[in-house]
Amino acid sequence: AMLADWTQQEVLTGTTIMAVEYNGGVVIGADSRTSSGTYVTNRTQDKLTPLTEYIYCCRSGSAADTQAIADHVRYYLDFSRISQGREPTVRYAAHVMQSILYNNRDNLSAAVIVAGWDEVNGGQVYCIPLGGLLVRQPMAAGGSGSTYIWGHLDAQFKPGMTDTECQEFVAKSVSLAIKRDGSSGGVCRLAVINRSGVQRRIIMHEDLPKSYDG
């Protein structure tokens, strides 16, 4: 009984998620591990979830909560697009997500990053941690794995990186987190979102950037 039965435990996206703004768009990334207690329930989970063609959310916390909320927000934004006759802005999508998270903050375990591109403000990253605060940042990271890499993020981030530099930065950061955090693992999923839509990449574990192995 000491090792509580994992089948009864909530599935959590242990997780490393991050997003970075660059001139013209955003790069988002995540690992692919979900777990119940110490049991890995899925090693290929996709935590980068589309809300519209140009806006994604990176999910951490309860897999069930974040999936349900993303579905809800996607439906709302579809409705908005049809009634307004134009693509919703990233800021609007982040506000819709925030209002659900904030209004249900006592019952939900979800911390998300909303990131994407729109005609008005280009690439944007909005961070919504537990409790439902909303803040725009040039770079955001979350999930259990992020706690291991803040020093790296602070030291390596610089404003005005190119699309390619951002992809390398995200891949390196997620790979460092996967290495240190038992709840992060699997592949690194990347997506680049800009005027032309979304390009997605998967970096397999053996192809992740290498670091000190001490």
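Each chain has its residues counted from 1, running along the sequence as written. Totals for whole chains, interfaces and linings use all residues, but because this is a predicted model, local features are given only for residues with pLDDT of at least 70 and pairs of side-chain atoms are given and counted only at 80 or more. Hydrogens and water are ignored here; the side-chain numbers use all heavy atoms of the structure.

As named in an unreviewed UniProt entry, the chain is Proteasome subunit beta, taken from Macrostomum lignano. UniProt positions are given in the numbering used here, feature names are shortened, and annotations may be inferred rather than shown by experiment. As its UniProt record puts it under Catalytic activity (unreviewed entry), the chain is described as follows: "Cleavage of peptide bonds with very broad specificity."

Engineer: What is the right way to read helix H4 (residues 163-180) from this model?
Structural biologist: Side chains that are three or four residues apart share a direction in an α-helix, a result of its 3.6 residues per turn. By definition, any uninterrupted DSSP run of H or I lasting at least four residues is a helix, any uninterrupted run of E lasting at least two residues is a strand, and each is numbered from the N terminus. An expected span of 1.5 Å times one less than the residue number is assigned to each helix. Here H4 is 18 residues long and its end C-alpha atoms lie 26 Å apart, about the 26 Å a rise of 1.5 Å per residue gives. Exposed residues in this analysis have more than 50% of their type's maximum accessible area, buried residues have under 20%, and partly exposed residues fall in between, with area computed by a 1.4 Å probe over protein chains only. Buried residues of H4: Cys166, Gln167, Phe169, Val170, Ala171, Ser173, Val174, Ser175, Leu176, Ala177 and Ile178, and no others. Looking at the buried residues of H4, the elements they touch are strand E2 (17-22), strand E3 (25-30), strand E11 (139-142), helix H3 (150-156), strand E12 (188-194) and strand E13 (197-203). Two residues form a contact once any of their heavy atoms are found within 4.5 Å.

Engineer: Where do I start with the UniProt feature "active site" (unreviewed entry) in the chain in this structure?
Structural biologist: Mapped onto this structure's residue numbering, the UniProt feature "active site" (unreviewed entry) falls at Thr15. Of note, Thr15 is situated in the loop between strand E1 (12-13) and E2. Taking relative accessible area as the criterion, Thr15 reaches 0% and is therefore assigned buried. Apart from the residues lying within four places of it in its own chain, the contact partners of Thr15 are Asp31, Arg33, Lys47, Arg59, Ser60, Gly142, Gly143, Ser144, Gly145, Asp181, Ser183 and Ser184.

Engineer: Where do I start with the pattern of salt bridges in this structure?
Structural biologist: When the charged atoms of two side chains with opposite charge come close together, those side chains can pair. The term salt bridge refers to a side-chain nitrogen of Lys or Arg lying within 4 Å of a carboxyl oxygen of Asp or Glu. Scanning all chains against the criterion turns up 7 salt bridges. Note that Arg74 is salt-bridged to Asp71, the shortest N-O span being 3.0 Å. You can see Arg74 and its partner Asp71 sitting in helix H1 (residues 63-84), 3 residues apart, about one turn around the helix. Close ionic contact of Glu87 with Arg81 constitutes a salt bridge, the shortest N to O distance being 3.2 Å. What makes Arg81 partly exposed here is its relative accessible area of 22%. Salt bridges linked by common partners bring Asp78, Arg81 and Glu87 together as one network.

Engineer: Looking at this structure, I do not really get the nonpolar core. What am I missing?
Structural biologist: As a rule of thumb, soluble globular proteins bury nonpolar side chains together. For the purposes of this section, nonpolar cores are sets of buried Ala, Val, Leu, Ile, Met, Phe, Trp, Tyr and Cys residues that join through side-chain atoms within 4.5 Å. With 37 residues, the main nonpolar core has Ile28, Leu51, Val73, Met97 and Val114 as its most contacted residues. For this core, the secondary structure elements donating two or more residues are E2, E3, strand E7 (55-62), H1, helix H2 (90-103), strand E8 (110-118), strand E9 (122-128) and E12. For this core, the element with the highest residue contribution is H2, accounting for 7 residues. Apart from the residues within four sequence positions on either side, Val114 is in contact with Leu51, Ile55, Tyr56, Cys57, Val90, Ala93, Ala94, Met97, Gln124, Val125, Tyr126 and Ile128. Ranked by size, the runner-up nonpolar core spans 23 residues in total, among them Val20, Val27, Phe157 and Val174.

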